[in-house]
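Report on the structure
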Amino acid sequence: MKLPFFIIQFWRGLKVIFGLSKFHHKILINGFNNETLYPLDLSDKLNFVYSETDGVPKVKLTDGVKINFPIHQAQIALAHWDCYIKHKDEVALKKFAVISEALKRQIDDQGRIDTWSKIRPGSSKYSSMTQSLVASVMLRYELLVLKVKPIDTKRLLDSLVLDSCFKNTLYGGLEEIPESLNPCVLNGWLYSLFIFFEYEYFLSDFKYKGFLSDQLSLLEKVLPSYLCQFGTYYDLGFNYASPFYHDLHIKQIALLNEVTDNRFDIFHSELIQRNKFSYKVIMIFIKGLQKLREPIFNEIQG
């Protein structure tokens, strides 16, 4: 029996707002250049039960079909990598390698990875966040596990830098969900930038320094547009960010401050001022109302 639209939207909203889904979980900070750990600690993802085939994480859509979702796969891989580095867990290293190989097979001839075609067919297939996260995986896999030149890492980054499909035509920012009603998703844009700092650190190679500098300038220019009275917007389409995403924004900007001599300190202070409990309660109500008006996609269920 098909559930009423209201019930479906209400449950979707609750999962996002309260961090009940597999993809909205507790995130901590590792910091940059810290023993090859990923800057954000994603290890809490491993506490959730998720589907996998031959050791490769899969997600189930509303229609029941299980697919590769490379954002999820890359984050699980990085969580395993952190477990390996922090606890010398050889099992975690093997799991990291299995997922890395699966991600490698998904890279097409142009150095891109299909992310959205089965979930949001009205948008572009590609995602800057996917490119960045998978490049972070491949950087570690190629350099530190296989001990080879980071060819696939560079292919992913070259595509991210050169291909216009990853950039918003109006603002110039990197797009987690190109050609959608969610322009310049803030957390996706910030995730997309992290790999460039990692690339410089791991390889002492400043090939992408000009591109990174331009992106930071664009970001600095539009960041005030993400502020609302009681929190932040999720994107530049003025969809509100849930308290979970507001907290993620705080951590991501704190990381950017770490590697840019506190360039974004004013915006970070604005985020902290809006992190009051009373504001979170208000934003839960506002975001809940907005969720009820959103269209239903063939969404990820588990």
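In short, a report on the structure. (Residues numbered from 1 in each chain as written. Predicted model: local features only at pLDDT ≥ 70, side-chain atom pairs only at ≥ 80, totals over all residues. Heavy atoms only, no water.)

Turning next to the overall build of the protein. Each helix and strand counted, the protein has 10 helices and 7 strands in total. Out of the 302 residues in the protein, the part that is buried amounts to 55%. Taking all contacts inside the protein whose residues are at least 6 apart in sequence as the whole, residues at least 24 apart take part in 67%. Accessible area for the protein stands at about 13,700 Å²; split by element, carbon and sulfur atoms hold 57% of it. (Helix = DSSP H or I, 4+ residues; strand = E, 2+ residues; numbered from the N terminus. Buried < 20%, exposed > 50% of the residue type's maximum accessible area, 1.4 Å probe, protein only. Contact = heavy atoms within 4.5 Å. Areas by Shrake-Rupley, 256 points an atom, 1.4 Å probe, with all protein chains shown as cover.)

With 80 residues, the main nonpolar core has L40, Y191, F196, L219, Y226 and L256 as its most contacted residues. Only α2 (70–87), α3 (90–106), α4 (128–146), α5 (151–162), α6 (186–203), α7 (209–222), α8 (243–259) and α9 (265–273) provide two or more residues apiece to this core. Ranked by residues supplied to this core, first place goes to α6 with 11 residues. When neighbours within four sequence positions are excluded, Y226 is seen to be in contact with C184, L186, W189, G231, T232, Y233, Y234, D235, L236 and F267. (Core = buried A, V, L, I, M, F, W, Y, C linked by side-chain atoms within 4.5 Å.)

What follows deals with the sheet that holds strand β3 (residues 51–53). The strand order across the open sheet formed by 3 strands is β3-β4-β5, and the pairing between neighbours is antiparallel. Each edge of the sheet is formed by a strand with only one pairing partner; in this case those strands are β3 and β5 (66–67). (Pairing = 2+ DSSP bridges.)

This part covers unusual backbone geometry. In the Ramachandran plot, E35 falls in the positive-phi region, its phi being about 55° despite a non-glycine side chain. Mapped onto the elements of the fold, E35 is located in the loop between β1 (28–29) and β2 (40–41). Backbone geometry places S204, a non-glycine residue, at a positive phi of 50°. Residue classification places S204 among the exposed residues on the basis of a relative accessible area of 58%.

Before going further, it helps to spend a moment on α8. With 17 residues, α8 should reach 24 Å at 1.5 Å per residue; the first-to-last C-alpha distance of 25 Å fits that figure. Buried residues dominate α8, accounting for 13 of its 17 residues. Taken from the residues just after α8, D261 is the one with a positive phi, measuring 55°. (Expected span 1.5 Å × (residues − 1).)

Summed over the entire model, instances satisfying the criterion amount to 10 salt bridges. The residue R263 makes a salt bridge to E220 at a minimum N-O spacing of 3.1 Å. Separated by 43 residues along the polypeptide, R263 in the loop between α8 and α9 and E220 in helix α7 bring together distant segments of the chain. Among the residues examined, E220 registers a relative accessible area of 37% and is labelled partly exposed. One salt bridge connects E270 with R274, and the closest N-O pair in it is separated by 2.6 Å. (Salt bridge = Lys/Arg side-chain N within 4 Å of Asp/Glu carboxyl O.)

Turning next to the environment of S124. Relative to the elements of secondary structure, S124 occurs in the loop between α3 and α4. Accessibility expressed as a relative area gives 8% for S124, which makes it buried. As a C-alpha pair, S124 and C165 span 41 residues in sequence and 7.5 Å in three-dimensional space. Beyond its immediate sequence surroundings of up to four residues, S124 is in contact with W116, P178 and E179. Polar contacts involving the side chain of S124 include one to the main-chain amide nitrogen of Y126, which spans 3.2 Å. (Polar contact = N/O pair within 3.5 Å; in protein donor to acceptor, adjacent residues only side chain to side chain.)

Glancing now at the packing of α2 against α3. Relative orientation of the contacting elements α2 and α3 amounts to 150°, with a least axis distance of 8 Å. By the angle between their axes, α2 is roughly antiparallel relative to α3. As for the relative orientation of α2 and α3, their crossing is left-handed in sense. Along its contact with α2, which presents P70, Q73, A74, I76, A77, H80, W81, C83 and Y84, the element α3 presents E90, A92, L93, K95, F96, I99, L103 and Q106. Taken together, the residues of the contact of α2 with α3 break down into 12 nonpolar, 3 polar and 2 charged. (Axes fitted to C-alpha atoms, helices over the stretch in contact; angles between N-to-C directions. Parallel < 35°, antiparallel > 145°, perpendicular 65-115°, else oblique. Left-handed = near helix turned anticlockwise from the far one by under 90°. Nonpolar A, V, L, I, M, F, W, Y, C, P; charged D, E, K, R; others polar.)

Once that is clear, we can look at the pairing of strand β4 (residues 56–60). Burial runs high along β4: 4 of the 5 residues are buried. Taken together, the 3 bridges between β3 and β4 define a ladder with antiparallel strand orientation. Bridged to E52 within β4 is P57. Connecting the antiparallel pair β3 and β4 is a turn made up of 2 residues, with D54 showing a positive phi of about 55°.

One can describe the packing of α6 onto α7 by two numbers: an axis separation of 11 Å at closest approach and a directional angle of 150°. Looking at the two axes, α6 sits roughly antiparallel to α7. Both α6 and α7 take part in a crossing whose hand is left-handed. Where α6 abuts α7, its residues L186, W189, L190, L193, F196, F197 and E200 lie against K209, F211, L212, Q215, L216, L218, L219 and V222. Residues that form the contact of α6 with α7 fall into these classes: 12 nonpolar, 1 polar and 2 charged.

Distances and angles like these do not, on their own, reveal function.
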